[in-house]
Amino acid sequence: MAVITPLLKGLAFTLSRFFSKPVTIQYPEEKREPAERWRGLHRLKSENGRLKCVACGLCEAVCPASVITVEAKETPDGRRFPERFVVEVTRCIFCGYCEEACPKDAIELTRNYEFCGYTREEFHMTRDVLAKN
Amino acid sequence: MVAFLIESVVKVVVVFGVLMLMVAYTTWLERRVLGRVQVRRGPNRVGPFGLLQPIADGIKGFFKEDIVPANADKLTYILAPALSIIPAILIVSVIPFGESVTLFGREIFLRVADINVAVLFIFGLASLGEFGVVLGGWGSNNRYGLLGSLRAAAQMVSYELALGFTLISVIMVSGSLSLVQIVEGQSHVWNVFKPILWLPFALYLVCGLAEINRTPFDMPEAESELACGFNIEYSSMKFAMFFMAEYAHMISLAALITCLFLGGWNLPFGWEAPFVPKVTWFLLKVFVLVFFFIWERGTFPRFRYDQVMNLGWKVLIPLSIANVVAVGLYYTVFA
Ligand code: SF4
Ligand code: SF4
């Protein structure tokens, strides 16, 4: 008896689980709200239709994973802007240092965690992609 | 003669087809039930309730790359899956799943073959199936595979004995080796309701689980230690054949227990239900048992290897021998 009772108890427990409601979140249809401070894909903020970024390269310097590449250029009226701004998201560790380092509050990590692709190149997020994110 | 041939061919095709369908849907059932036991949903994407999942899996199995390891013993490696699945399917040929129906003025018995030593036949085939596992592990020339197949062999040897002894008590009570007669003998009282057969029923259930290598006795393919065990080197349809063999064994075990203990196609206490074909009861009991096997898998953890051996040799075999003696004494004294 001492052997059998725990077995039956276990069976009863799993049976009660069988009739309980599954906790699965049906992903593409149902989505879990990410945390308030979730660090997802980067966004380059803009102001008055222009990117706030001045291509100072601080985020490039601070990035511990070295995944940011910034190339600066100047407009005729002497305003600096990033000619090229690439984040290799596959290697990014989403530490958020780039956001902290930015003197112009031009880059932020959004709560978007749904980015996927078939090739590595698709994850080299360029300026325009990040601006639209 | 021609009519007999046609009848047999039709029966074979139907039983084979139904068995394969049941095998396919047992995999689905297993995944669903295990999912629910773990408070998940299980496969539900392919078709309504994931009902097309087995078909998708089958198609996928065909398209997967079929790898033969360079150092494998080709002959045994290729032979093993077939050796594993053929006995598993053959077992069903002697299982009676209903009385007879009259079709086109011919009395048709609902069984592929009625042989008078069906129990022995099944017993032999069930152990033959183990050779597939043993040769598969040996032929793939992989250490994990070899360990898995060694375990399978050891487990088969130890539990087959207990299984055989338990069977003897059933045969003593029924007085026949033919499954049809065993089932007919239970038309009023199922064997499982006879107190003298309670212990054999429990023993048979446990040994049966060990015999088909199912949790908690899934030693040969202990995922966590052997990384899948005997079938580690198999891929594509060869792997699928091992997989199907496992489920076919499970279904045939359920069918066999139904025949031996649960009254086959009979309702309990000699009740009769008009209009309902008796096959329904048979299938229902098989379903309940299969469900139990899945449920039990979701509940019990795997035994350690030495525990399996201890349980087999030190508990189950002595118990089953004592049981044979007890049943024998009962019949000599009281009958
Ligand atoms: S989040 Fe961290 S790792 Fe990613 S780009 Fe910014 S600084 Fe680099
Ligand atoms: S995003 Fe900010 S830190 Fe990075 S280059 Fe632009 S302005 Fe400088």
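See above for the structure.
Computed from a prediction, not measured in an experiment: that's the story for all the values here. (Residues numbered from 1 in each chain as written. Chains lettered and ligands numbered in written order. Predicted model: local features only at pLDDT ≥ 70, side-chain atom pairs only at ≥ 80, totals over all residues. Heavy atoms only, no water.)

K.L.:
Any details on the overall build of chain B? Residues and values, ideally.
P.N.:
Across its full length, chain B carries 11 helices and two strands. Across chain B, helices and strands are ordered from the amino to the carboxyl terminus as α-α-α-β-β-α-α-α-α-α-α-α-α. Taken over C-alpha atoms, the radius of gyration comes to 20 Å for chain B, in line with the 20 Å a tight globule of 335 residues would show. Each principal axis of the C-alpha distribution contributes one length, and for chain B these read about 60 × 50 × 45 Å. Out of the 335 residues belonging to chain B, those deemed buried represent 50%. Relative to all contacts within chain B whose residues are 6 or more apart in sequence, the contacts with residues 24 or more apart total 78%. Carbon together with sulfur atoms contributes 73% to the accessible area of chain B, which is approximately 15,800 Å² in total. (Helix = DSSP H or I, 4+ residues; strand = E, 2+ residues; numbered from the N terminus. Rg over C-alpha atoms; globule rule 2.2 N^0.38 Å. Buried < 20%, exposed > 50% of the residue type's maximum accessible area, 1.4 Å probe, protein only. Contact = heavy atoms within 4.5 Å. Areas by Shrake-Rupley, 256 points an atom, 1.4 Å probe, with all protein chains shown as cover.)

K.L.:
An account of the overall build of chain A is requested, with residue identities and associated values reported.
P.N.:
Along chain A, the regular secondary structure elements total four helices and seven strands. Walking chain A from its N terminus toward its C terminus, one meets helices and strands in the order α-β-β-β-α-β-β-α-β-β-α. A compact globule built from 133 residues would reach a C-alpha radius of gyration of about 14 Å, whereas chain A, at 24 Å, exceeds it by more than 25%. For chain A, the proportion of its 133 residues judged to be buried stands at 29%. Considering only intrachain contacts with a sequence separation of at least 6, the fraction spanning at least 24 residues in chain A is 67%. Counting every atom, chain A has about 9,100 Å² of accessible surface; 54% of that belongs to carbon and sulfur. Placing the 21 positive and 19 negative side-chain charges of chain A at their respective mean positions leaves the two points 5 Å apart. (Lys, Arg positive; Asp, Glu negative; His and termini not counted. Charge placed at Lys NZ, Arg CZ, Asp CG, Glu CD.)

K.L.:
Kindly report on the site of ligand 1, identifying the contributing residues and their values.
P.N.:
Neighbouring residues of ligand 1: His 42, Cys 63, Pro 64, Val 67, Ile 68, Cys 92, Ile 93, Phe 94, Cys 95, Gly 96, Tyr 97 and Cys 98 of chain A. In terms of residue class, the shell around ligand 1 is built from 10 nonpolar, two polar and no charged. (Near = heavy atom within 4 Å. Nonpolar A, V, L, I, M, F, W, Y, C, P; charged D, E, K, R; others polar.)

K.L.:
Please provide a residue-by-residue account of the site of ligand 2, values included.
P.N.:
Taken together, Cys 53, Val 54, Ala 55, Cys 56, Gly 57, Leu 58, Cys 59, Phe 85, Cys 102, Pro 103 and Ile 107 of chain A form the complete shell of residues around ligand 2. Tallied by class, the residues present in the shell around ligand 2 amount to 10 nonpolar, one polar and no charged.

K.L.:
Please set out the nonpolar core residue by residue, giving values where relevant.
P.N.:
Taken as a class, soluble globular proteins show a tendency for nonpolar side chains to be buried jointly. One finds Leu 179, Tyr 204, Ile 257, Leu 260 and Phe 261 of chain B to be the most contacted residues of the largest nonpolar core, which totals 76 residues. It is helix α9 (residues 236-260) of chain B that provides the largest number of residues to this core, a total of 12 residues. Aside from chain neighbours lying at most four places away, what touches Leu 260 of chain B is Val 119, Leu 167, Val 170, Leu 179, Ile 182, Gln 186, Asn 191 and Tyr 204 of chain B. Grouped together as the second largest cluster of nonpolar side chains are 23 residues, Ala 65, Phe 85, Cys 92 and Met 125 of chain A included. (Core = buried A, V, L, I, M, F, W, Y, C linked by side-chain atoms within 4.5 Å.)

K.L.:
Quick rundown of helix α11 (residues 305-334) of chain B? Include the residues and the values.
P.N.:
Residues three or four positions apart in an α-helix share a direction because the helix packs 3.6 residues into each turn. Residues and elements named next belong to chain B. Between its terminal C-alpha atoms α11 stretches 42 Å, which fits the 44 Å expected from 30 residues at 1.5 Å a residue. The sharpest bend along α11 measures roughly 30° and falls at Leu 316, with the proline Pro 318 sitting one to four residues further on. Taken residue by residue, α11 has Val 308, Met 309, Gly 312, Leu 316, Ile 317, Ser 320, Asn 323, Val 324 and Val 327 as its buried positions. Buried residues along α11 sit in contact with α5 (143-174) and α7 (198-211). (Expected span 1.5 Å × (residues − 1). Bend = angle between axes of the 7 residues up to and from the residue.)

K.L.:
If you had to explain the interface of chain A and chain B to someone new, which residues and values would you point to?
P.N.:
With 15 residues of chain A at the contact, the number on the chain B side is 15 residues. Taking both sides of the interface into account, the surface hidden between chain A and chain B amounts to around 1,500 Å²; carbon and sulfur atoms contribute 63%. The three residues of chain A that bury the most area against chain B are Leu 11, Phe 18 and Pro 22 of chain A, which together make up 40% of that side's buried surface. For the interface between chain A and chain B, the tally reads one salt bridge. Measuring nitrogen to oxygen at the nearest pair gives 3.1 Å for the salt bridge that ties Glu 29 of chain A to Arg 45 of chain B. Put simply, chain A and chain B have nine residue pairs in polar contact (both at pLDDT 80 or more) between them. Of the residues contributing to the side of chain A that touches chain B, the split by class is seven nonpolar, five polar and three charged. (Buried area = accessible area lost by both parts, 1.4 Å probe. Salt bridge = Lys/Arg side-chain N within 4 Å of Asp/Glu carboxyl O. Polar contact = N/O pair within 3.5 Å; in protein donor to acceptor, adjacent residues only side chain to side chain.)

K.L.:
Got a sec to walk through the pairing of strand β4 (residues 68-74) of chain A? Specific residues and values, please.
P.N.:
Residue and element names in this part refer to chain A. Taken together, the seven bridges between β4 and strand β5 (residues 80-88) define a ladder with antiparallel strand orientation. Considered in β5, the bridge of Ala 72 is made with Pro 82. Linking β4 to β5, which pair antiparallel, is a turn of five residues; within it Gly 78 sits at a positive phi near 80°. (Pairing = 2+ DSSP bridges.)

K.L.:
Summarise the environment of Leu 75 of chain B; cite the residues concerned and give the values.
P.N.:
Residues and elements named next belong to chain B. Mapped onto the elements of the fold, Leu 75 is located in helix α3 (residues 74-91). We classify Leu 75 as exposed; its relative accessible area is 63%. Distance in space between the C-alpha atoms of Leu 75 and Leu 135 is 9.8 Å, their sequence separation being 60 residues.

K.L.:
Any chance you could break down the environment of Pro 96 of chain B for me, citing the residues and the numbers?
P.N.:
In this fold, Pro 96 of chain B is placed in the loop between α3 and β1 (100-103). Once residues within four sequence positions are removed from consideration, Pro 96 of chain B is found in contact with Leu 110, Arg 111, Leu 179, Val 180, Val 183, Cys 259, Trp 265 and Phe 282 of chain B.

K.L.:
Account for the side chain of Thr 27 of chain B, naming residues and giving values.
P.N.:
Residue and element names in this part refer to chain B. By the secondary structure assignment, Thr 27 is in helix α1 (residues 2-37). Of the residues examined, Thr 27 reaches a relative accessible area of 13% and is grouped as buried. Filtering out sequence-adjacent residues up to four positions away, Thr 27 remains in contact with Pro 54, Phe 243 and Tyr 247.

K.L.:
Kindly report on the sheet that holds β4 of chain A, identifying the contributing residues and their values.
P.N.:
Residues and elements named next belong to chain A. Here we have three strands laid out as an open sheet, ordered β4-β5-β7, and antiparallel in their pairing. Because the sheet does not close on itself, it has two edges, and the strands there are β4 and β7 (124-125). Sheet analysis places β5 next to β7, joined by two bridges and oriented antiparallel. Pairing of Val 87 across the sheet is with Met 125, part of β7.

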